[in-house]
Each structure stands twice: as C-alpha cells, then as structure tokens.
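Listed below, chain by chain, are the residues.
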Amino acid sequence: MYVLTSEYVSPSELRQVSRLSGIHELLEFIAGSIRHVRSAIVALSIGVTLSGCAANMAATGSDGPDLSVVSREATRFNVERQLGSPETLKQQTNGDWVAIYDVEPRTKSNLARAAGHGTLDLFTFGLWEVVGGPLEVAHARRVLVTARYDKSGKLLQMNSKPKPIL
C-alpha cells in the first residue's frame, strides 16, 4: 500500500483514493463472506447426503426370523428352515444334539426413534450419524440361539441370548 501525502496529491484526488480503498475493503469483506457461505453450503450438503441412515434403520426394522414361530414340538428341519444352518452342531453323550444358530432377529419399526434420529440429524447438520448409526446397529444386534434336540430331531429346549459385541 502506498502512503499518500497532500504534497503530491490534491485533496479531491485523496478523497477519490480514500473511496477506492473503502471499496477495496468492502470487496475483500464480500469475498471472505462468500468463502464462509460456500464452506457452510458444502458442510450442509455433506451432512444432508450422509444423514438419514440411523433414521432409516429405525423406521424400517429388520426382517430376520421370527423366533416366536418355533414351537416346542418343532423338528430340527422346521427350526433350520426358520433360522438357517447352525454355526455349530454337537452330539451329547446321551444322544441329544445341541445346535447353536447365529441370527439377526426380527425387529419392529419404531417411528418415534426414527423421528428422534431425523431431528438430531437436522440440528447437528448430520453429525448425529456418528452416534446414531452405531446405536441402531447395536439395537439390531445378532442373537445366539441354542437349541437342544432329542435323538429323533424333536426340539426339546431353545434359549437365546445377545451375541457379544467383541
């Protein structure tokens, strides 16, 4: 920037340069504001693009097997048709069979939870997904189902417990 003194410049020229300097500062301010607005628009776009996963998971639920359908008189064939093949199958010394199934149980949709995730997504510009996504995955956690069958394949006992996360 040049230093102007009244020795070399007339007062009218000094006023004109002063006005130009103010316009230059104004243009710099506008350019800086545009950069901030552009950054905010990019952040909002990324947030909107990435948001909705937890809300979608809560709203749709999952279509796993329905464990309540399996009755006490079911055969091993009927249980495996519902749950799939067992992870492990061991025969006990008395001749009974113990099968362990790893299943993702059926979960109902929960619109209140979905609305909560959506609201938090909106107010945190999508950052809630960092917390909400793992929460929904943990909510639909896999289950280990242990079934005991007699020698003929008839279901004697069935227990289920959440699968450990680690």
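Residues numbered from 1 in each chain as written. Predicted model: local features only at pLDDT ≥ 70, side-chain atom pairs only at ≥ 80, totals over all residues. Heavy atoms only, no water.

Colleague: Please explain the pattern of salt bridges as it appears in this structure.
Modeller: It is possible for side chains of opposite charge to pair when their charged atoms get near one another. Evaluated as defined, the whole model comprises 5 salt bridges. Across the pair Asp-96 and Arg-148 runs a salt bridge whose closest N-O atoms are separated by 2.9 Å. Pair noted here: Asp-96 is in the loop between β1 (88-91) and β2 (97-103) and Arg-148 is in strand β3 (residues 143-149), with a separation of 52 residues, a long-range link. Of the residues examined, Arg-148 reaches a relative accessible area of 29% and is grouped as partly exposed. Ionic contacts of the salt-bridge type, sharing partners, join the residues Asp-102, Glu-104 and Arg-142 into one network. (Salt bridge = Lys/Arg side-chain N within 4 Å of Asp/Glu carboxyl O. Helix = DSSP H or I, 4+ residues; strand = E, 2+ residues; numbered from the N terminus. Buried < 20%, exposed > 50% of the residue type's maximum accessible area, 1.4 Å probe, protein only.)

Colleague: I'm lost on the confidence of the model for the protein chain in this one. Help?
Modeller: Low-pLDDT stretches of the model should not have their predicted coordinates read in fine detail. Summarising the model, the protein chain shows a mean pLDDT of 77, and 72% of its residues fall at 70 or more. Helix α1 (residues 11-50) is the least confidently modelled element of the protein chain, averaging 65 in pLDDT, while β1 averages 93, the highest of any element. (pLDDT = per-residue confidence, 0-100.)

Colleague: Could you clarify how one ought to interpret helix α4 (residues 111-123) in this entry?
Modeller: Every α-helix carries 3.6 residues per turn, so stepping three or four residues along brings you back to the same face. With 13 residues, α4 should cover 18 Å at 1.5 Å per step; its first-to-last C-alpha distance of 18 Å lies within 8% of that length. Of all the positions in α4, only Ala-114, His-117 and Asp-121 are classed as buried. Projected down its long axis, α4 carries its buried residues within an arc of 60°, all on one side. Among the exposed residues of α4, those oriented more than 90 degrees off its buried face are Ala-112, Leu-122 and Phe-123. For α4, the elements touching its buried residues are α2 (53-60) and α5 (129-139). Where α4 begins, one side-chain oxygen reaches toward the backbone nitrogen of Ala-112, 3.2 Å away; that side chain belongs to Asn-110. (Expected span 1.5 Å × (residues − 1). Arc of directions from axis to C-beta. Contact = heavy atoms within 4.5 Å. Polar contact = N/O pair within 3.5 Å; in protein donor to acceptor, adjacent residues only side chain to side chain.)

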